[in-house]
Structures are given as C-alpha cells and as structure tokens.
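# Geometric and topological summary
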Amino acid sequence: MATKIKHLKDEEGKFYPYTHESAVVTDDGTKLGDKLTQIGQELGEMDDDIEILNSLSAEEIEREKYRRMYLTIEALEEGTYFNVFKRTAPTIQRDIDLQYSLDNGVTWQKYTIPAAGQYGAKVNLSVGKKILLKGNNPDGVNKCSCYYDSALGSIKFTNDFAIYLQCSGKAKAYGNIISLISGDDYYEGVDKIPDGCFSRLFQQSTALVDVSGLYLHCYGNNSYVSTFAACSSLVNTPKFPNSKLYDGSCAGMFLQCTSLKDVYELPVKDLSYCCYVQMFQKCSGLSVAPKMQIVKAEKCSCLSMYSECVNLTDASNIKIYGTSVLGFNGMFKSCTKLVNAPELPAEMLADYCYQYMFSSCSSLVNAPELPAEMLADYCYREMFYNCASLENAPKLPAKQLAYACYGGMFYGCSSLESAPSLNAESLASNCYDKMFSNCTGLTQIPSLSFKHTSRSGCIKMFEGCINLVNAPILKAKDVQESCYEGMFNGCSKLNKVGAEFVTFSSEGLANWLNGVSPTGTFIMADDAEWNPEDHRGANGVPEGWTIERVTRELDADEKFAKLEARIAAIKESVETTGEPLHEESDKIMHHVM
C-alpha cells in the first residue's frame, strides 16, 4: 500500500522551501533514501500538496523530485567553474534573462550574457557546490534548427541564436530545464516548448558527465537540436518524455558524445520530420541502442541516427513497423561492431527508407528479415554495402519492383556465398544495379524469374564476383538499353551463361561478359535471330566459348500470336481446298487442352 509523503519542518515549525536540501519521510517516519532532496513546492499548510506524491513508485518519486527543482549544475571536483559562451554571428538578436543562485535559491543574481564570440564571467564552484539557474524567456533561450536540404541531399543545421552553458572541471546537471524559460513558474510545465528553445544549450561542455537527473517535460520544434553535442565526457542521458515529437525535436542531441554509455528508452512511437536525425551519431562509447518501437514515421525521422557508433553491437531493442521517405537512411552506417540488427517487419516501404542503413557494418553476419512486398524507389539501395562478414541474406519476396530498389544492396559483401531468390517477372529501371557487385565469396545464384527487361535493370549486377562459376539462364526475349551492361564483368571463373534474347542489342550488352573464364559454354535460344559468330567478344559471346541452343518457352503474347497464325493457316486452307489442315488443327487443340 502506498504511503503518503510529507516534508519535515524546520525549528520554527515552517515547511522547508522546495530549494532546501531536506530529508523526506513517510507517515510512519521511515526515510525514503538518506537525502531525497528538493521535493515539492513551498507547501505551507496545503495538505493536498503535501500528499501529492501519494501512490508514486520509487522511480516516479525520483522523477518528481527533479521536476520540482530549478535547473542545477553541481561541481564534482575542485576547480570546476560555470560560464556562458555566446555563439558568433547570430542571425537574430535576443535579450536573454539568466539568473543564478549559489545559496539554494535564497538569493538570485543576474548573469550578464557576453557579446557574440565571447565568454561571460566565471562562477567558481567547489566540489559539492551548486549553481541554480532560471530565467524568464517566453520565446525560448536559443533558436537553432535542422532540415533536409534536398538539393544537396544532406542535413543542414542553422545557428540563428545560441548561448552555451559551459563548465570546466567535472560537473552534473539536474532539475527542470523549464526554469530557464518560465522562471519561478517552471513547476507548472508547458505543453510545447518554443522552437529551438534548448538547442545547443550545453554544446561542447566537456566537463559535463551526468544529466540523468535532468527533467525534460516535453518537446517542441527543434527543441533539443545539438543540446549536448560534443559533450565528450557525458556518460548518460535524461529520461525522454513520452509526449508528442515535433520537427527536429532531438536532431543531433548527443552528436559526438564519445563517452555516452547509458541511454534511456525512447518511448514515442509516432516520429516526426527529422526528429532523431544524427541523434547519437559518432557516440563511440555506446554499445547497446535503447529500446524503441516505431509505428509511424515521417521524412528523415531517424536518418543517420546511430551512424559511426563504432562500438555499437546490439540494436535488437528496436522494432520498425512504419517507414517514411529517408526515414532510416544510414541509421547504422559504419557501425563496424554491430552484430544484432533491429527488427524490420514493415510491409510497405517508402522512397530511400532503408538506403545505406547498415552500410559498412563489417561485423554483421545475419541480416534482419525483410518481409515487405510493396517496394519503393531506392528503398534498399546499398543497405548492406560492404558488410564484409554478412553470410546470410534475407528472403526478398517482392514481385513488383521500383526504381533502383535493390541497387548495390549487397555490394562488397565478400562473405556472402549464395544470393536470395528474385521472383519479379518484370524489371524496373536500375532495380538490380550493382546488387551483388564485388561479392567475392558468391559461388551460386538462384534462377532469375524476370521475362521483361528495363533500362539498366541489371547493370553490373554481379560485377567482380570472382568465384561465381555458373549463372542461371536469363529468360527475357529482349534486352533494353544498358540492361545487361557489365552484368558479369570481372567474374573470372564464370564459364557458363545462358540468355534467351531473340534480337541482339549492342546497347544492352556492353562489357557484360568482360573478364570471364577464357573457355565456357553459352546457351542461347534456338529461335534467336542473331548469329553468335558475328558478336564474339566481351560485348556478346566470349572468344573460346562453345554454343548450345535450347528451346525457349514462349511468353503469353507469343503463344497467342502463334495461335492466331495457325488459325489463319487453317482458314486459308479451308478457303483453298475445302478441307482443313488436320495437322494444324490437332496442334491447336493440343495447345488449348
């Protein structure tokens, strides 16, 4: 049964103010920790407020404690000091109200914000001493943002206005960050904080090691852009609120925090535009990604979120059910120790959604399952690029392809020995472009089901697969521009290729068999309308290869055309002789049956 929480009174019988370092006890006098400090408002004689913490868990009590504090920075070693840096060349002007207290809120002093490019006065803090911060800044403290520049194809960060709260030595920050914008009314909180409000606030504060007690009430547009970027000593994060995300809310929030190890769960399931862009990029101390389940995502939501986290090994706490344009592009790019990938059960993909997602994850052995049958342009492009340890590729069940959907998907996966089945009957432009290029361990590939080619559909698909010996028969009767260009270029052991195209296309076959085995067998359709002897070399049939012919299976249009021709022959026979050609009629009946 939950117990009531009440505050101790001082010697004069007055309740301790919320800034006082008071012990907190239950009704029966049991202490909740030795020093559960700074809890509650200045309660006076209001019984309802005294009992406000009734029924809370220990974790909730801890959170409530920090919610009821001003933003506080505490020194953890001698020689620590606090000051403020104002970023150079702001594009907007803003008068910032910043006040500080060194006596737990009894008295307050104004902190003078320095000129652009300058540092303000140092406030020295001996070990264990604290500086409390507050201000009345209804438009927010800072104003920076991020966005995706489609012209450049990259994320851009703006620097409209920013002051940095800096520390030297060693320090931790805790309490309610809202005190910087709401002054003494911070306890009431807000539903949405001003745009860019706390962006870059602690950027490059290399003395900051602990922010686990920092209370984040909610989000706003670009609210925490690069808030802790380059805090190289920081080992943990605050607890993230389970409230609505906005555009760019946490973009670059912990970028280059190289000591970061402990990260709270990310509880929000519906992601907004650019909300987690580069959030943990280059956090080289991070080994396990926090729990996250994504139901809905907007454009660029997790772009490069964990890229270059070179010690990240486990992302299995992440499940992605909904995708978006560029949503997870490069999310784990260059995470060279990643072994456990996230779950990707999404059934419908968006343009560029998984592009570069695991690019250069050189320790990844097993790819996640990819059940999606609804593909989109560039959706899997270079998804596993240069994953040199990848041995097991996922099944790829889609039968309808999109532009460049599999482009470079397994490029450079040198440990991959077999390729997944590809069941589409028609190609899209560049759909298999470089899909298995430089997969030097690849020894066999399954049948390729497509019967209709496309422009550049298979360009350089198996280029550089130096251990590939046999290739399946290519069933398409046509070869569109550049479709097979460089398809088997540099496959030095390849000695058997089949292709049933009826007409020869010099534009579609450039260097397609360049650098293959000097001897081998080329299988072609018996009804081909081109002479292999007229097209010897890398752009046709290699010199030294023998020719075999097979009967090509006709497609539906060809079968119908042949049937029409036979019917016409019978009709002509009847008109000429008065009797049908029994042989043709029998063939038609056999075909129909």
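Each chain carries its own residue numbering, running from 1 in the direction its sequence is written. With the structure being a predicted model, the display of local features is reserved for residues of pLDDT at least 70 and the display and counting of side-chain atom pairs for 80 or more, all residues being used for whole-chain, interface and lining totals. Hydrogens and water are ignored here; the side-chain numbers use all heavy atoms of the structure.

### With respect to the overall build of the protein
Heads up, the rule is: Strands are runs of DSSP state E lasting at least 2 residues, helices are runs of H or I lasting at least 4, and numbering of each runs from the N terminus. Accessibility here uses a 1.4 Å probe with only protein chains present; expressed as a share of the type maximum, an area under 20% marks a residue as buried, one over 50% as exposed, and anything in between as partly exposed. Whether two residues are in contact is decided by their heavy atoms: any pair within 4.5 Å suffices. Using a 1.4 Å probe, the Shrake-Rupley method yields the accessible areas, and only the shown protein chains count as cover for residues.
A tally of helices and strands in the protein yields 5 helices and 19 strands. For the protein, the residues scored as buried account for 52% of the 593 residues in total. By sequence separation, contacts in the protein at least 24 residues apart represent 79% of the contacts at least 6 residues apart. Surface accessibility of the protein: about 25500 Å² in total, with carbon and sulfur atoms responsible for 45%.

### Remarks on the sheet that holds strand 12 (residues 171–176)
Hydrogen bonding along the main chain pairs the strands of a sheet, whether they run parallel or antiparallel. Selection rule: In this description, strands pair whenever DSSP reports at least two bridges between them. Axis angles are defined between N-to-C directions and span 0 to 180 degrees, where every axis is a line fitted to C-alpha atoms and, for a helix, only to the segment in contact.
Strand order in the open sheet formed by 6 strands is 6-5-8-3-12-13, with mixed pairing between adjacent strands. Of all the strands in the sheet, the pair left with one neighbour each is strand 6 (109–110) and strand 13 (208–215). As paired elements, strand 12 and strand 13 share 5 bridges and run parallel to each other. If you follow alanine 171 over to strand 13, its bridge partner there is leucine 208. Packed on one face of the sheet, helix 2 (residues 58–67) meets strand 12 and strand 13 and runs near 100 degrees to strand 13.

### Examining the pattern of salt bridges
Condition: Any Lys or Arg side-chain nitrogen located within 4 Å of an Asp or Glu carboxyl oxygen qualifies as a salt bridge.
Taken as a whole and judged by the stated rule, the model has 8 salt bridges. We note a salt bridge from glutamate 64 to arginine 68, for which the minimum N-O separation is 2.7 Å. Accessibility assignment for this pair places glutamate 64 and arginine 68 in one class, buried. Salt-bridge contacts for lysine 134 lead to aspartate 184; the nearest nitrogen and oxygen are separated by 2.9 Å. Placement of the pair is lysine 134 in strand 8 (residues 130–134) and aspartate 184 in the loop between helix 3 (179–182) and strand 13, with a sequence separation of 50 residues. Shared partners join several salt bridges into a network, and the residues in it are Glu64, Arg67 and Arg68.

### Examining unusual backbone geometry
Here the phi dihedral of asparagine 430 falls at roughly 60 degrees; this positive angle occurs in a residue that is not glycine. Tracing the sequence through the fold places asparagine 430 in the loop between strand 15 (318–320) and strand 16 (470–474). According to the relative accessible area criterion, asparagine 430 is buried, its value standing at 12%. Unlike most non-glycine residues, lysine 460 shows phi in positive territory, near 55 degrees. Assessed through its relative accessible area of 27%, lysine 460 is described here as partly exposed.

### With respect to the confidence of the model for the protein
What counts, and what does not: The predictor attaches a confidence to each residue, and that confidence, scored 0 to 100, is pLDDT.
Model confidence for the protein is summarised by a mean pLDDT of 88, while 86% of its residues fall at 70 or above. Segment residues 1–51: pLDDT under 50, and 91 contacts once partners within four positions in sequence are set aside and those in other chains are kept.

### Here we look at the environment of tyrosine 411
Along the polypeptide, tyrosine 411 turns up in the loop between strand 15 and strand 16. Spatially, the C-alpha atom of tyrosine 411 lies 9.4 Å from that of serine 359, the residues being 52 residues apart in sequence. Among all residues touching tyrosine 411, those that are not within four sequence positions of it are Phe384, Tyr385, Asn386, Lys434, Met435, Ser437 and Asn438.

### Comments concerning the state of the cysteines
Put simply, the test is: Note on terminology: disulfide denotes any pair of cysteine sulfur atoms within 2.5 Å.
As enumerated under the stated definition, the model contains 0 disulfides in all. Considering cysteine sulfurs only, cysteine 218 is the nearest to cysteine 197, which forms no disulfide, with 9.3 Å between them. Here cysteine 197 falls in the buried class, since its relative accessible area comes to 0%. Cysteine cysteine 250 shares no disulfide, and the gap to the nearest cysteine sulfur, in cysteine 275, comes to 7.1 Å.

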